[in-house]
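# An overview of the molecular structure
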Amino acid sequence: MAALECRGVTKVWGESTDREVVALQDIDLVVGRGEFVVVIGPSGCGKSTLLKLLAGLETPTAGRLLHGGQVISGPEVDRSLIFQQPSLYPWLSALDNVAFGLKLRGVPRAERHRQAEEFLRQVGLREFARKHPHELSGGMQQRVAIARALCVGADTLLMDEPFAALDVQTRYQMQAFLLDIWHGTGKTAVFVTHHIDEAVYLADRVVVLTARPGRVLDSVSIDMPRPRSVVGEAFERYRALLVERLRAEVARAFQEQELVEMLDTRIK
Amino acid sequence: MIEGLQAQPAAAPALPATTASRARARSSARIRGVVVAGVWWVLSIGLVVVAWEAAAALHLIDPVILPPPHEFIGEIRNQAQFLMPAVGVERTGANFVALTAIVASVQRVLIGLFLAFVAGVLTGSVAFSFAIVRKLTLPTVTLLAPIAPVAWIPLAIVAFGVGDWSAIFVVFVGIYFTLTLATVKAMTNVDPVYVDAARVLGARRGQIMRHVVLPAAIPALFDLVRMNLFGAWMGVLAAEMVGVNTGLGAIVMVGRSMMNMNLTFLGMAMIGLVGYLLDAAFGLVQRRVLWWRRATEL
Ligand SMILES: Nc1ncnc2c1ncn2[C@@H]1O[C@H](COP(=O)(O)OP(=O)(O)OP(=O)(O)O)[C@@H](O)[C@H]1O
Ligand SMILES: [Mg+2]
């Protein structure tokens with residue numbers, strides 16, 4: 001059964017203004033329950049926009065989005081989004097940030113702190129519970145954000161380049177941690193990344209978007225047993241395939257960008 | 001192996017020792033910084049005092065109009081009868097009465113600012129939340145905001161008579177409209193990702209307002225209160241000079257009307273000192289309680 005469905009989804013930002021941008025066009029995408037889908041595509045192709053639509057933070061210009069067969073009409077706690085940019089509350093400690101969703105639900109203080117502490121421990125930041133976001137590195141902040149999303153117990157995790165700021169070592173750790181959670185709980189995951197290795201390592205299926213306006217260019221199932229190794233012939237084959245797909249799109253995006261700039265300078 | 005065992009206990013305490021000594025070095029550097037700054041303060045003020053005293057001693061200035069510092073500060077001892085209008089504090093000696101005037105003025109500023117802050121943030125929040133309220137009130141508020149606190153004094157005295165409340169009203173009304181505008185602006189400028197994050201975590205409208213928009217906006221509003229502190233201070237002093245017959249502003253005027261410039265200068269010195277201390281106290285609150293704005297701006 002499908003957990004998430006996009007049916008002919010189009011998103012236009014700033015519609016009928018002079019700054020109209022078609023971010024997504026005619027996206028058809030079905031994510032199965034418990035499936036781990038990774039979305040890749042050139043910068044600016046609408047990946048973040050897609051996640052915001054799935055989270056219910058924005059409404060599509062055309063088309064329908066469904067979650068468990070129900071039309072998505074707004075944010076729900078069972079679909080959690082981890083943002084691309086820092087989104088922790090600077091006035092709350094790491095612990096209170098993680099516990100924030102529980103606080104909104106009226107969970108008593110001691111109980112929500114107990115649960116939040118457990119998630120902080122899982123992302124390896126238990127000793128940092130009392131620190132505030134500005135005292136944490138960018139990667140640590142992102143791990144707190146992951147703990148915050150997990151703490152509300154969503155069954156669908158939408159993640160927008162959550163590991164982009166992490167060093168290689170921590171990134172591997174967090175990937176393994178994420179797979180553990182996903183495996184152990186049967187959560188559905190939609191994960192955006194720029195790293196092709198990460199995509200191949202994590203995904204059941206990699207969805208490649210075209211340059212703006214984003215359409216689904218290709219959908220590649222990764223048929224490799226888990227736990228996966230990042231070396232070996234199968235891994236390299238998938239990697240090469242995705243790199244090839246992306247390279248053509250990125251080149252097209254660049255050409256388009258140059259063309260726009262050229263026209264701009266002409267007009268000036 | 002034996003060597004290894006011996007080496008360990010020697011190496012272990014070495015680490016805390018270096019961090020401790022580094023911390024000590026850092027705090028002694030800070031103390032040195034404070035002392036150096038203090039020396040410059042003393043030098044700067046000392047220079048003015050010495051020049052003033054010298055000019056008086058050489059009869060270059062008239063000590064009746066410009067009494068030298070040692071005279072007007074010495075005045076504290078025998079000003080009891082002029083500083084009589086005591087507000088709440090028992091008059092047990094002359095010093096205490098000067099203190100009374102300070103207490104009266106400071107109280108008025110702080111109460112006025114506090115009421116304006118609460119009312120401004122409340123009104124601003126309502127205007128931010130409801131478009132109709134915003135559209136109906138903001139144009140008027142925008143026109144009232146630039147009226148400086150002192151400009152409200154005549155109305156205050158007519159409406160509230162010569163008492164605490166007219167001084168408080170001057171501060172309140174002089175800041176309230178500005179703060180209402182600033183609240184709407186600060187709340188509009190809250191990073192949308194903070195609001196989106198709360199929505200994803202299941203926050204309702206009221207919860208977003210209380211747990212996200214308000215804490216995100218408050219440091220900017222407190223900045224504004226601090227910037228308006230001197231305006232409020234001026235408003236209270238001016239009100240005390242022209243009608244409200246107690247407080248530091250009144251002392252300065254009493255000195256003038258009795259041609260006792262020692263008293264006037266004593267009042268002026270206290271106005272400067274207290275104004276500075278108030279600003280410093282506000283700065284402390286900003287750093288200690290509302291630190292997150294600065295921390296995130298870094
Ligand atoms: N809130 C918004 N208002 C107007 N335009 C927007 C908004 N958000 C995104 N856009 C535009 O939509 C397009 C897609 O943006 P989006 O952030 O979804 O791209 P992305 O694929 O996530 O890029 P990146 O890989 O750089 O994060 C861009 O051209 C962007 O300028
Ligand atoms: Mg993005």
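This structure is a prediction, so every number in the text was calculated from the model and none was measured.

## A short note on the overall build of chain A
- Secondary structure assignment for chain A yields eight helices and 10 strands.
- Taken against the 2.2 N^0.38 rule, which gives 18 Å for 268 residues, the C-alpha radius of gyration of chain A at 19 Å falls within 12% of a compact globule.
- Its C-alpha atoms give chain A principal-axis dimensions of about 60 × 50 × 40 Å.
- Taking all 268 residues of chain A together, the buried fraction comes to 51%.
- Working note: accessible area of chain A is about 12,700 Å², and carbon and sulfur atoms make up 50% of it.
- Charged side chains in chain A number 33 positive and 34 negative. The centres of these two groups are separated by 4 Å.

## Brief notes about the pairing of strand 4 (residues 62–67) of chain A
Residues and elements named next belong to chain A.
- Relative to strand 4, strand 1 (residues 2–13) is paired through five bridges, and the arrangement is antiparallel. Counterpart to arginine 7 in the pairing with strand 4 is arginine 64.
- Pairing geometry for strand 4 and strand 5 (residues 70–71), over two bridges, is antiparallel. Bridge pairing in strand 5 places leucine 66 opposite valine 71.
- Where strand 4 folds back onto strand 5 in an antiparallel hairpin, the turn is made up of two residues, including glycine 68, whose phi is positive at roughly 60°.

## Considerations on the packing of helix 4 (residues 109–122) of chain A against helix 5 (residues 138–151) of chain A
All names here are of chain A.
- In contact at an axis separation of 9 Å, helix 4 and helix 5 are set at 135° when each is read in the N-to-C sense. Judged by the inter-axis angle, helix 4 sits oblique to helix 5. Seen from above, helix 4 lies across helix 5 with right-handed handedness. Between helix 4 and helix 5, the residues in contact are Gln115, Ala116, Phe119 and Leu120 and Val144, Ala147, Leu150 and Cys151, respectively.
- Grouping the constituent residues of the contact of helix 4 with helix 5 by class yields seven nonpolar, one polar and no charged.

## Comments concerning the coordination of the magnesium ion (ligand 2)
Residue and element names in this part refer to chain A.
- Summarising the metal site, the magnesium ion (ligand 2) is bound by the protein donors Ser48 (OG) and Gln84 (OE1), whose distances to it range over 1.9 to 2.1 Å. Placement of serine 48 in helix 1 (residues 47–55) and of glutamine 84 in the loop between strand 6 (79–82) and helix 2 (94–98) is noted, with a sequence separation of 36 residues between them.
- For glutamine 84, a relative accessible area of 38% translates into the label partly exposed.

## Side note on the pattern of salt bridges
- Under the definition given, this model contains 16 salt bridges over all chains.
- With its nearest N and O atoms 4.0 Å apart, the salt bridge here joins glutamate 58 of chain A to lysine 11 of chain A. Taken together, the residues glutamate 58 of chain A in the loop between helix 1 and strand 4 and lysine 11 of chain A in strand 1 connect sequence positions 47 residues apart.
- A residue is classified by how much of its surface remains accessible, and lysine 11 of chain A, at 8% relative accessible area, is buried.
- Arginine 226 of chain B serves as the salt-bridge partner of aspartate 279 of chain B, at 3.1 Å between the closest nitrogen and oxygen.

## Focus on the site of ligand 1
Residues and elements named next belong to chain A.
- Around ligand 1 there are 14 residues in total, and Ser43, Lys47, Ser48, Thr49 and Arg212 lie nearest to it.
- In this structure, an oxygen atom belonging to ligand 1 sits 2.8 Å away from a main-chain N or O atom of glycine 44.
- Relative to its unbound accessible area of 640 Å², ligand 1 is 66% covered by the protein chains.
- The element that contributes the greatest number of residues to the shell around ligand 1 is helix 1, accounting for three residues.
- For the shell around ligand 1, the class distribution of residues is four nonpolar, seven polar and three charged.

## Observations concerning the nonpolar core
- Ranked by size, the top nonpolar core spans 97 residues in total, and within it Tyr89 of chain A together with Leu113, Trp233 and Leu248 of chain B carry the most contacts.
- Broken down by element, this core gets its largest block of residues, 12 residues, from helix 7 (residues 164–188) of chain B.
- If near-sequence neighbours (up to four positions away) are discounted, leucine 113 of chain B is found in contact with Val171, Ile175, Val225, Leu229, Ala232 and Phe282 of chain B.
- Membership of the second largest hydrophobic core comes to 53 residues, among which are Ile146, Leu178, Ile181 and Tyr201 of chain A.

## Quick notes on a nonpolar patch on the surface
All names here are of chain B.
- A cluster of nonpolar side chains, contributed by Trp41, Val42, Ile45, Val49, Leu273, Tyr276 and Leu277, occupies part of the molecular surface with about 700 Å² of accessible area.
- Put simply, the parts of the chain that give the nonpolar patch at least two residues each are helix 2 (14–57) and helix 12 (261–288).
- Of the residues forming the nonpolar patch, the biggest block, four residues, is contributed by helix 2.
- Its location among the elements puts tyrosine 276 in helix 12.
- Using a relative accessible area of 42% as the deciding quantity, one classes tyrosine 276 as partly exposed.

## Describing the interface of chain B and chain A
- Listed per partner, the contact involves 19 residues of chain B and 24 residues of chain A.
- When chain B packs against chain A, the two sides together hide about 2,000 Å² of surface, and 74% of this comes from carbon and sulfur.
- The interface formed by chain B and chain A holds zero salt bridges in total.
- Counting across the chain B and chain A interface gives three residue pairs in polar contact (both at pLDDT 80 or more).
- Elements supplying a minimum of two residues to the side of chain B that touches chain A: helix 8 (192–200), helix 9 (205–227) and helix 13 (292–297) of chain B.
- The element contributing the most residues to the side of chain B that touches chain A is helix 8 of chain B, with seven residues.
- For the side of chain B that touches chain A, the residue count by class is 13 nonpolar, four polar and two charged.

## Overview of unusual backbone geometry
Residues and elements named next belong to chain A.
- At the junction of arginine 212 and proline 213, the peptide bond is cis and its omega measures out at -5° in the coordinates.
- With respect to the helices, strands and loops of the structure, proline 213 is situated in the loop between strand 9 (205–209) and strand 10 (216–221).
- The linkage connecting arginine 226 with the following residue, proline 227, adopts the cis geometry, with an omega of -5°.
- Tracing the sequence through the fold places proline 227 in the loop between strand 10 and helix 8 (233–267).
- The phi dihedral of serine 16 falls on the positive side, at around 45°, and the residue is not glycine.
- Looking at the element boundaries, serine 16 is found in the loop between strand 1 and strand 2 (21–32).
- Take serine 16: its relative accessible area is 71%, and that puts it in the exposed class.
- Residue aspartate 26 is not a glycine yet carries a positive backbone phi of 55°.
- Tracing the sequence through the fold places aspartate 26 in strand 2.

## Description of the sheet that holds strand 9 of chain A
Residue and element names in this part refer to chain A.
- One open sheet accounts for six strands, arranged 6-7-8-3-9-10; its pairing is mixed. In this open sheet, the two edge strands, each paired with only one partner strand, are strand 6 and strand 10. Averaged over all pairs of adjacent strands, the angle between their axes in this sheet comes to 15°, without regard to strand direction.
- The sheet contact formed by strand 7 (residues 156–160) and strand 8 (residues 188–192) spans five bridges and is parallel. Bridging from a neighbouring strand, methionine 159 pairs with phenylalanine 191 of strand 8.
- With respect to the sheet, helix 5 is in contact with strand 6 and strand 7, its orientation differing from that of strand 6 by roughly 175°.

Here is what the cut-offs are and how they apply
Residues numbered from 1 in each chain as written. Chains lettered and ligands numbered in written order. Predicted model: local features only at pLDDT ≥ 70, side-chain atom pairs only at ≥ 80, totals over all residues. Heavy atoms only, no water. Helix = DSSP H or I, 4+ residues; strand = E, 2+ residues; numbered from the N terminus. Rg over C-alpha atoms; globule rule 2.2 N^0.38 Å. Buried < 20%, exposed > 50% of the residue type's maximum accessible area, 1.4 Å probe, protein only. Areas by Shrake-Rupley, 256 points an atom, 1.4 Å probe, with all protein chains shown as cover. Lys, Arg positive; Asp, Glu negative; His and termini not counted. Charge placed at Lys NZ, Arg CZ, Asp CG, Glu CD. Pairing = 2+ DSSP bridges. Axes fitted to C-alpha atoms, helices over the stretch in contact; angles between N-to-C directions. Parallel < 35°, antiparallel > 145°, perpendicular 65-115°, else oblique. Left-handed = near helix turned anticlockwise from the far one by under 90°. Contact = heavy atoms within 4.5 Å. Nonpolar A, V, L, I, M, F, W, Y, C, P; charged D, E, K, R; others polar. Donors = N, O, S within 2.8 Å, 3.2 Å for Na, K, Ca; no water. Salt bridge = Lys/Arg side-chain N within 4 Å of Asp/Glu carboxyl O. Near = heavy atom within 4 Å. Polar contact = N/O pair within 3.5 Å; in protein donor to acceptor, adjacent residues only side chain to side chain. Core = buried A, V, L, I, M, F, W, Y, C linked by side-chain atoms within 4.5 Å. Patch = residues over 30% accessible without salt bridge, like charges linked within 9 Å, V, L, I, M, F, W, Y side chains within 5 Å. Buried area = accessible area lost by both parts, 1.4 Å probe.

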